[in-house]
Amino acid sequence: MRHFFVITNPFKDQGLKTTERVVTLLTEAGCTCRVQVAEEQKEGRMYTDVSGIPADTECILVLGGDGTLIEAARDTVDLNIPLLGINLGTLGFLAEVEQGNLEHAVDLLLRDRYQIESRMMLCGRLYRGGECPVHSYALNDIVITRSGSMQIIHFHIYVNGQFLNEYSADGVIFSTPTGSTGYNMSAGGPLVEPGANLLVITPVCPHTLNTRSIVLSAGDEVVVEMAARKKDVPFRAELNFDGGHAVSLALGDRIVVTRSERTTDILKLSQVSFLEALHNKMSEK
């Protein structure tokens with residue numbers, strides 16, 4: 001690899017010191033390297049201006065944490081360029097390169113000593129009144145959650161047209177294997193090897209004794225219907241893709257979650273297995 005593009009989260013890389021270090025390592029090795037400092041939108045999300053990424057880019061280096069890499073993956077999903085995360089956050093599962101290993105990581109890239117892991121993504125569609133006003137993708141998860149007051153939300157879940165269950169809960173998480181170590185894990189869901197092909201459904205604080213997650217085939221279609229038990233109780237819920245800006249939901253809305261035809265390619269430099277990495281993360285103080 002000789003042509004790189006760098007996306008930096010300036011809130012993680014104060015003063016852009018690590019960014020400058022990466023650029024210096026690449027340019028001194030004779031590589032081309034363009035930098036984009038991620039900006040903040042009103043909703044608080046970072047975003048990438050994909051129009052500034054050269055057509056000959058072979059790798060996108062993402063400096064930040066897992067959240068920065070996930071946002072970059074969503075923004076660049078149509079470019080088919082592999083990403084490598086440089087961890088400037090805390091608990092990084094996706095951003096595997098630590099700051100102390102930058103020189104070694106760059107050396108491996110220049111010698112083409114890496115593997116490319118193709119990670120499955122989810123597609124989510126919101127249907128309202130026969131129309132589909134929202135259609136987006138997620139590398140980590142698609143989440144339906146309450147908003148506003150502490151009132152719980154009610155919803156029905158169908159899998160491949162068959163009724164699965166009715167829930168009263170704070171929300172529900174639809175997670176990929178990649179996203180299993182994110183919000184899904186915090187909500188008590190299972191940790192999944194990132195190369196697996198499956199979909200995890202994890203209720204968030206359900207008001208029932210049955211709090212278990214459900215693991216489905218990646219090819220299954222899941223439909224969520226937003227319902228209500230009391231007509232006089234205001235309905236407030238929202239839909240999020242990879243923790244992005246919220247889309248307000250209404251009673252009767254249907255959210256369809258399926259495996260996306262798109263994937264995200266993640267560069268892997270280390271020979272450390274997922275289980276070993278998981279053990280190391282769980283052992284960190």
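Above this text sits the structure in question.
Residues numbered from 1 in each chain as written. Predicted model: local features only at pLDDT ≥ 70, side-chain atom pairs only at ≥ 80, totals over all residues. Heavy atoms only, no water.

J.: I'd like to hear about empty space enclosed by the protein, residue by residue, with values.
T.: Going through the model one piece at a time under the given rule, you end up with two cavities of 30 Å³ or more. Taken as a whole, the largest cavity encloses approximately 40 Å³ of empty space. Considering the residues around the largest cavity, the lining is formed by L61, L84, I86, V97, L102, A105, V106 and L109. Elements represented by at least two residues in the lining of the largest cavity include exactly β6 (83-87) and α3 (102-110). With four residues, α3 is the single largest residue contributor to the lining of the largest cavity. Each residue belonging to the lining of the largest cavity can be placed in one class, and the counts come to eight nonpolar, no polar and no charged. (1 Å grid on protein atoms, 1.4 Å probe; cavity = no way out; pocket = protein on both sides within 12 Å on 5 of 7 lines; lining within 4 Å. Points joined across faces, edges and corners; volume = space filled by probe spheres on them. Helix = DSSP H or I, 4+ residues; strand = E, 2+ residues; numbered from the N terminus. Nonpolar A, V, L, I, M, F, W, Y, C, P; charged D, E, K, R; others polar.)

J.: Quick one: what's the story with the sheet that holds strand β10 (residues 141-146), residue by residue and with numbers?
T.: What the six strands build is an open sheet, ordered β15-β14-β13-β10-β17-β18; its pairing is antiparallel. Of all strands in the sheet, those with a lone pairing partner are β15 (214-217) and β18 (247-249), marking the two edges. Between one strand and the next, the sheet's axes are offset by a mean angle of 20°, whatever the strand orientation. Across five bridges, the pairing between β10 and strand β17 (residues 237-241) is antiparallel. Each bridged residue has a counterpart across the sheet, and for T145 the counterpart in β17 is E238. (Pairing = 2+ DSSP bridges. Axes fitted to C-alpha atoms, helices over the stretch in contact; angles between N-to-C directions.)

J.: So what about the pairing of strand β13 (residues 171-175)? Which residues, and what values?
T.: In terms of residue burial, β13 counts as a mostly covered element, since five of its five residues are buried. By the alternation rule, side chains of β13 split into G171, I173 and S175 and V172 and F174, which are all buried. Pairing between β10 and β13: five bridges, direction antiparallel. Along β13, the bridge assignment pairs D141 with S175. Summarising the sheet, β13 and strand β14 (residues 198-204) pair through five bridges and their orientation is antiparallel. Bridge pairing links I173 to T202 in β14. (Buried < 20%, exposed > 50% of the residue type's maximum accessible area, 1.4 Å probe, protein only.)

J.: Could you give an account of the pattern of salt bridges, with specific residues and numbers?
T.: All chains considered together, the criterion is met by seven salt bridges. R262 is paired through a salt bridge with D78; the nearest N and O atoms lie 2.7 Å apart. Residue R262 is located in strand β19 (residues 254-268), and its partner D78 is located in the loop between α2 (66-75) and β6; the two are separated by 184 residues in the primary sequence. For R262, a relative accessible area of 24% puts it in the partly exposed group. Classification of D78 by relative accessible area gives exposed; the value is 54%. Among the salt bridges present, the one from E261 reaches R262, with a minimum N-O distance of 2.8 Å. E261 gets classed as exposed once you look at its relative accessible area, which sits at 61%. Among the charged side chains, a network of salt bridges with common partners joins D78, E261 and R262. (Salt bridge = Lys/Arg side-chain N within 4 Å of Asp/Glu carboxyl O.)

J.: Please give an account of the nonpolar core that cites residues and values.
T.: With 29 residues, the main nonpolar core has I144, I157 and F174 as its most contacted residues. Leaving out residues up to four positions away in the same chain, I144 has contacts with I153, D170, G171, V172, F174, V224, M226, E238, L239, L249 and I255. In this structure, L26, A105, L108 and L269 belong to the second largest nonpolar core, which totals 22 residues. (Core = buried A, V, L, I, M, F, W, Y, C linked by side-chain atoms within 4.5 Å. Contact = heavy atoms within 4.5 Å.)

J.: Residues and numbers for the packing of aromatic side chains, please.
T.: Geometry of an aromatic ring pair is reported as the spacing of the ring centres plus the angle between the planes. Applying the stated criterion across every chain yields a total of two aromatic pairs. Taking 5.5 Å as the distance between ring centres and 20° as the angle between the ring planes, the aromatic pair formed by F155 and Y167 counts as stacked. Here Y167 lies in strand β12 (residues 162-169) and F155 lies in strand β11 (residues 153-159), a separation of twelve residues in the sequence. Side by side, F155 and Y167 carry an identical accessibility label, which is buried. (Phe/Tyr/Trp six-rings, centres within 6.5 Å; stacked < 30°, edge-to-face > 60°.)

J.: With reference to specific residues and values, describe the environment of L109.
T.: Examined against the element boundaries, L109 turns out to sit in helix α3. The exposure class assigned to L109 is buried, which follows from its relative accessible area of 1%. Taking the C-alpha atoms as reference points, L109 and M1, 108 residues apart in sequence, are found 6.2 Å from one another. Aside from chain neighbours lying at most four places away, what touches L109 is M1, F4, L61, L84, Y114, L267 and L269.

J.: For the packing of helix α1 (residues 17-28) against α3, give the residues involved together with the corresponding values.
T.: Closest axis-to-axis distance for the α1/α3 pair is 10 Å, and the angle between their directions is 40°. Taken together, the axis directions place α1 and α3 in an arrangement best described as oblique. For the element pair α1 and α3, the recorded crossing hand is right-handed. For the pair formed by α1 and α3, the contact residues are T18, R21, V22, L25 and L26 on the first element and L102, E103 and V106 on the second. Classifying every residue of the contact of α1 with α3 by side-chain character gives five nonpolar, one polar and two charged. (Parallel < 35°, antiparallel > 145°, perpendicular 65-115°, else oblique. Left-handed = near helix turned anticlockwise from the far one by under 90°.)

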